[in-house]
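Structural characterization, general
Spelled out from the first residue to the last, the chains are:
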Amino acid sequence: QVQLVESGGGLVQAGGSLRLSCAASGRTFSTYAMGWFRQAPGKEREFAAGISWSGGYTKYADSVKGRFTISRDNAKNTVYLQMNSLKPEDTAVYYCAVLNMYLAPTGAWGQGTQVTVSS
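One numbering rule holds for all chains: residues counted from 1, following each sequence as written. In keeping with the predicted nature of the model, local features appear solely for residues at pLDDT of at least 70, side-chain atom pairs appear and are counted solely at 80 or more, and the whole-chain, interface and lining totals rest on all residues. The basis for every side-chain value is the complete set of non-hydrogen atoms in the structure, without hydrogens or water.

**Observations regarding the overall build of the protein**
Secondary structure elements are taken from DSSP: a helix is a run of H or I of four residues or more, a strand is a run of E of two residues or more, and numbering for both begins at the N terminus. A tally of helices and strands in the protein yields zero helices and 11 strands. The order of α-helices and β-strands along the protein, N terminus first, is β-β-β-β-β-β-β-β-β-β-β. Its C-alpha atoms give the protein a radius of gyration of 13 Å, within 12% of the compact-globule value 14 Å for 119 residues. The principal-axis extent of the C-alpha atoms belonging to the protein is close to 40 × 25 × 25 Å. The reference for a compact globule is 2.2 Å times residues^0.38; the radius of gyration itself is calculated from the C-alpha atoms.

Pasting the structure below:
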């Protein structure tokens, strides 16, 4: 079972940037698609971004397209989410997840990292 640990969350002003990291255990990280989801208070968890095992394919939610960039470093077993031009509505707990080939979650989640964007 892969273990996922997110980091990089925090408090930032609107228009600012943050980079989230997700470190994965296990030697098969490079075979997994990975993704970031987020859950705002009182709302359901939603997909934000996904990346294929090789990094050659990425997908974004419309709400973050053009502002967020997902990437991965298979040598470091780490996936990143660079978040620019942050808005108050981006405030949420961000979760890293292992995805299947269709970029759907498989049930392996990190513990989450809080991102708060002040106006």
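**Describing the state of the cysteines**
In this description, the term disulfide denotes a pair of cysteine sulfurs within 2.5 Å. This model, assessed by the stated rule, comprises one disulfide. Here Cys-22 pairs with Cys-96 through a disulfide, and the sulfurs are 2.1 Å apart. Handedness of the Cys-22-Cys-96 disulfide follows from its S-S torsion of about -80°: it is left-handed. With a gap of 74 residues between them, Cys-22 in strand S3 (residues 18–24) and Cys-96 in strand S9 (residues 92–99) connect regions that are remote in the sequence. For the residue pair Cys-22 and Cys-96, the accessibility class agrees, reading buried in each case. Whether a residue is buried, partly exposed or exposed follows from its accessible area with a 1.4 Å probe, protein chains only, as a fraction of its type maximum: under 20%, in between, or over 50%, in that order.

**A few points about the sheet that holds S3**
Two strands are said to pair when DSSP picks up at least two bridges between them. Strands sit in the order S1-S3-S8-S7 across an open sheet of four strands; the sheet is antiparallel. Every interior strand has two partners, whereas the edge strands, strand S1 (4–7) and strand S7 (68–73), have only one. Averaged over all pairs of adjacent strands, the angle between their axes in this sheet comes to 15°, without regard to strand direction. Bridge analysis of S1 against S3 gives four bridges, and the strand direction is antiparallel. By the bridge assignment for S3, Ser-7 is matched with Ser-21. Lines fitted to C-alpha atoms define the axes here, with helix axes fitted over just the stretch in contact, and angles between the N-to-C directions of these axes take values from 0 to 180 degrees.

**Quick word on the packing of aromatic side chains**
In this scheme Phe, Tyr and Trp rings, the latter by its six-membered ring, pair at centre separations within 6.5 Å, and the angle between planes marks the pair as stacked below 30 degrees, edge-to-face above 60, and tilted otherwise. Enumeration according to the criterion identifies three aromatic pairs in this entry. Among the aromatic residues, ring-to-ring pairing joins Phe-37, Phe-47, Tyr-95 and Trp-109 into one connected group. Two conditions define a charge located above a ring, namely a distance within 6 Å from the ring centre to NZ of Lys or CZ of Arg, and an angle within 35 degrees of the ring normal. Over the face of the ring belonging to Trp-109 we find Arg-45, whose NZ or CZ atom lies 4.5 Å from the ring centre. For the cation-ring pair, Arg-72 lies above Phe-29, with the distance from its terminal atom to the ring centre recorded as 4.5 Å.

**Regarding the side chain of Glu-6**
Structurally, the position occupied by Glu-6 is in strand S1. Polar contacts here mean pairs of N or O atoms no more than 3.5 Å apart (in protein, one a potential hydrogen donor and the other a potential acceptor; neighbouring residues in sequence count only if both atoms are side-chain atoms). Among the polar contacts made by the side chain of Glu-6, one reaches the main-chain amide nitrogen of Cys-96 at a distance of 2.7 Å. For Glu-6, the side chain forms a polar contact with the main-chain nitrogen of Gln-111, separated by 3.0 Å. Two residues form a contact once any of their heavy atoms are found within 4.5 Å. With residues near it in sequence (within four places) discarded, Glu-6 still touches Ser-21, Cys-22, Trp-36, Tyr-94, Tyr-95, Cys-96, Gly-110, Gln-111, Gly-112 and Thr-113.

**A closer look at the nonpolar core**
Side-chain atoms within 4.5 Å are what join buried Ala, Val, Leu, Ile, Met, Phe, Trp, Tyr and Cys residues into a set we call a nonpolar core. The biggest cluster of nonpolar side chains holds 29 residues, and the ones touching the most others in it are Met-34, Trp-36, Val-79, Leu-81, Met-83 and Tyr-94. Residue assignment for this core shows that the elements contributing at least two residues are S3, strand S4 (33–39), strand S5 (46–51), S7, strand S8 (78–83), S9 and strand S11 (113–118). Once you skip the residues sitting within four places of it in the chain, Tyr-94 turns out to touch Glu-6, Leu-20, Trp-36, Phe-37, Arg-38, Phe-68, Leu-81, Met-83, Gly-112, Thr-113 and Val-115. In this structure, Phe-37, Ala-97, Leu-99 and Leu-103 belong to the second largest nonpolar core, which totals five residues.

Geometric values such as these leave the question of function open.
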